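Structure assessment
Single-letter residue listing:
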Amino acid sequence: MGIYQIAVDGPSGSGKSTLAKGVAKALGIMYLDTGAMYRTCGLAAIKKGIDPKDEDKVRSLMEEMNLEVKFIDGEQRMILDGEDVTGSIRTPQVSVAASDISAQPVVRTAMVDMQRTIAKEQSFVLDGRDIASNVLPDAKYKFYVTAKASTRAERRLKELNEKGDFSQNYEEVLRDIEYRDEQDMNREFAPLTQVPEAIVINTEDYTIEGTRDYLLSFIKEEN
Ligand code: DC
């Protein structure tokens, strides 16, 4: 069986990570959450008190910091300067910092290099914004996942509340989603892009399992 990649792009809260994870599990292949990498860069800026939009400071930060992606029992862990920060990158504050810092070319170049290196070693499902358009334009399968902003905000709020985070109400979550959409879609360097050949999946049309099975119906047996 050869190595192949499945690209799953889409906006914040579209359900792409749940989908990508489910698909990877069903196929017995690896899953790479590329957003977690930008989130770790955002967290690094917050920890150092650096404005994620300050180009010069972010350049020095990228030179100094040590970011590692590890897979422990098949699960992705984010290591920042030797510390496992996987549990600290899902806060609203980190979400906004990740969106801001991911617009910087110096950050994207470094993350994309790592993503390509990781994905060539074995079969992977990758989720992100620019996987099909930039990271892996030759990926065997390309999907674009969508849902209305209001639905995405409801899901994000539920996710935060389930983790015991009640720091934001619905309006604030929606405002963050709209802020990130605007930035992630309109930044100059590798914005969120729907490539023409991508299969579009609206996650409002199905249940979680239904969405996964719909995507899987496009994947041919690799053996
Ligand atoms: O998927 P996510 O919400 O965890 O991503 C966090 C931020 O990282 C998002 O606002 C945009 C950025 N990102 C990106 O620019 N490119 C990717 N491939 C993945 C995420």
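Keep in mind that this is a model prediction, so the values were computed, not measured. (Residues numbered from 1 in each chain as written. Predicted model: local features only at pLDDT ≥ 70, side-chain atom pairs only at ≥ 80, totals over all residues. Heavy atoms only, no water.)

1. Remarks on the sheet that holds strand β7 (residues 141-146)
- An order of β2-β6-β1-β7-β8 is seen for the five strands of this open sheet, with the pairing classed as parallel. The sheet is open, and its two borders are formed by β2 (30-33) and β8 (199-202), each paired with just one other strand. Recorded for the sheet is a direction-independent mean angle of 20° between the axes of neighbouring strands.
- Where strand β1 (residues 5-9) meets β7, four bridges bridge the pair, whose relative direction is parallel. Bridge pairing links Ile6 to Tyr141 in β7.
- Relative to β2, helix α2 (residues 34-48) is tilted by about 35°, and along the sheet it contacts β2 and β6 (124-128).
- Docked against the sheet, helix α9 (residues 208-216) engages β1, β7 and β8, running at close to 170° with respect to β8. (Pairing = 2+ DSSP bridges. Helix = DSSP H or I, 4+ residues; strand = E, 2+ residues; numbered from the N terminus. Axes fitted to C-alpha atoms, helices over the stretch in contact; angles between N-to-C directions. Contact = heavy atoms within 4.5 Å.)

2. Side note on the pattern of salt bridges
- Under the definition given, this model contains 16 salt bridges.
- Salt-bridge contacts for Lys47 lead to Glu83; the nearest nitrogen and oxygen are separated by 3.4 Å. In this pair, Lys47 is assigned in helix α2 and Glu83 in strand β5 (residues 83-84), connecting sequence segments 36 residues apart.
- A salt bridge links Asp184 to Arg129, with the nearest nitrogen and oxygen atoms 3.6 Å apart. One end of the pair, Asp184, is in helix α8 (residues 170-186); the other, Arg129, is in the loop between β6 and α6 (131-135), with 55 residues separating them in the sequence.
- A single salt-bridge network, built from bridges that share partners, covers Glu55, Asp56 and Arg59. (Salt bridge = Lys/Arg side-chain N within 4 Å of Asp/Glu carboxyl O.)

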